[in-house]
Amino acid sequence: MSHISENNHKTENSYWGVDVLVDAAVVRANLIDIKNKIAPLKPRIIGVTKYFGLNAIEEGYEAGLRDFAESRALEAIEKIKALSPQIRENSNFHFIGHLQTNKAEKVVANFDYIHSVDSLKLAKAISKAACLINKREKVLLQVNNAQEEQKFGYTKEQLKKDLAEILNLKGLEVIGLMNMATLGANEVRLKELFSDLRKFRDELEQEFNIKLPELSMGMSNDYQIAVQEGATMIRIGRKLFN
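Residues numbered from 1 in each chain as written. Predicted model: local features only at pLDDT ≥ 70, side-chain atom pairs only at ≥ 80, totals over all residues. Heavy atoms only, no water.

### What to know about the pattern of salt bridges
What the rule picks out here adds up to 14 salt bridges. When the shortest N-O distance is used, the salt bridge between Glu-192 and Arg-189 registers 2.2 Å. Residue Glu-192 and its partner Arg-189 are both found in helix H8 (residues 187–208); the two are separated by three residues, about one turn of the helix. Taking the relative accessible area as the measure of exposure, Arg-189 reaches 29% and is therefore partly exposed. (Salt bridge = Lys/Arg side-chain N within 4 Å of Asp/Glu carboxyl O. Helix = DSSP H or I, 4+ residues; strand = E, 2+ residues; numbered from the N terminus. Buried < 20%, exposed > 50% of the residue type's maximum accessible area, 1.4 Å probe, protein only.)

Written as structure tokens, this is what we have:
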């Protein structure tokens, strides 16, 4: 049943709670605005739908989005399964939240990318699950280069220790690094964190003789700075859907 929220957004009650109803025309306009602000660079724009229901994915797809991100495994999987076959088959689904090893099998079966690999134990669980279904899961290694205790992610030192073993796991295709910048950080600090991740990626490529083409950096508040510092994937929620 639909009603009008205090913010004058139409909402509806659903399996996932109260969802703001999204309109494809709004998403399309927001998408154009984002692209204009980061032109001529063209990172992959991933629509973060974790706080929205099916409507956001459906309208985002209608607006031209083909990449969608979620962070709560079981809720996200139910959402994906409820989508039409056309949207499921023609979209990429990215898992961006902290992943527990006991949910690895379900996430591997339903997501094309996992951005949040933060331990060797998790990498092994993902690899095992992928091998069971004859898949190589595309993964990014999460680096907590802001060194925030409340955030998940590798330290640089530990990632260097584990990387050779991770690269040898048959079920994984390691494609890059991901970070989450400090909430409320100023522009100088944001530039520092994003450029630091890019430099660390370059260091790993040279030291391990590998290619890590993807840098998943930047969200609604800081995507422009992230793109300037080399982001190839930006994770955008409210700037797209509100």
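### Some details on the environment of Val-48
Along the chain, the position of Val-48 falls in strand S4 (residues 44–48). Exposure remark for Val-48: the relative accessible area of 9% places this residue in the buried category. Through-space distance from the C-alpha of Val-48 to that of His-94 is 8.9 Å; in sequence the pair is 46 residues apart. Setting aside its immediate chain neighbours within four residues, Val-48 contacts Ala-69, Ile-96, Arg-235, Ile-236, Gly-237 and Phe-241. (Contact = heavy atoms within 4.5 Å.)

### Observations concerning the pairing of strand S8 (residues 137–142)
Moving residue by residue along a regular strand, the side chains alternate between the two faces of the sheet. Counting buried positions along S8 gives five out of six residues, so the element sits mostly inside the fold. Here three bridges tie strand S7 (residues 113–117) to S8, and the two strands are oriented parallel to one another. Bridging from a neighbouring strand, Ile-114 pairs with Val-139 of S8. Crossover handedness for the path S7 to helix H6 (residues 120–132) to S8: right-handed. Bridging between S8 and strand S9 (residues 172–178) involves six bridges; their strand directions are parallel. In the sheet register, Val-139 faces S9, and the bridge partner there is Val-174. Where the polypeptide runs from S8 across helix H7 (residues 156–167) and back to S9, its parallel neighbour, the crossover connection is right-handed. (Pairing = 2+ DSSP bridges. Right-handed = clockwise from strand over helix to strand, strands pointing away.)

### Concerning the packing of H7 against H8
It is the contact of H7 with H8, at a shortest axis distance of 12 Å, that shows an interaxial angle of 45°. The orientation of H7 with respect to H8, classified from their angle, is oblique. In this structure, the crossing between H7 and H8 has a hand that is right-handed. Judged by residue contacts, Lys-156, Leu-159, Lys-160, Leu-163, Ala-164 and Leu-167 of H7 engage Asp-196, Phe-200, Glu-203, Leu-204, Glu-207 and Phe-208 from H8. Along the lines of polarity and charge, the residues of the contact of H7 with H8 split into seven nonpolar, no polar and five charged. (Axes fitted to C-alpha atoms, helices over the stretch in contact; angles between N-to-C directions. Parallel < 35°, antiparallel > 145°, perpendicular 65-115°, else oblique. Left-handed = near helix turned anticlockwise from the far one by under 90°. Nonpolar A, V, L, I, M, F, W, Y, C, P; charged D, E, K, R; others polar.)

### Examining the nonpolar core
Side chains of a nonpolar character, in soluble globular proteins, are inclined to be buried together. Counting residues in each nonpolar core, the largest one holds 70 residues, and the members touching the most others are Ile-114, Ile-126, Leu-159, Leu-177, Ile-234 and Leu-240. The biggest single contributor to this core is H6, with seven residues. With residues up to four places along the chain from it excluded, the contact list for Leu-240 reads Val-26, Val-27, Asn-30, Leu-31, Ile-34, Ile-45, Gly-47 and Leu-65. By size, the runner-up hydrophobic cluster in this structure holds nine residues, among which are Ala-69, Tyr-113, Leu-140 and Met-233. (Core = buried A, V, L, I, M, F, W, Y, C linked by side-chain atoms within 4.5 Å.)

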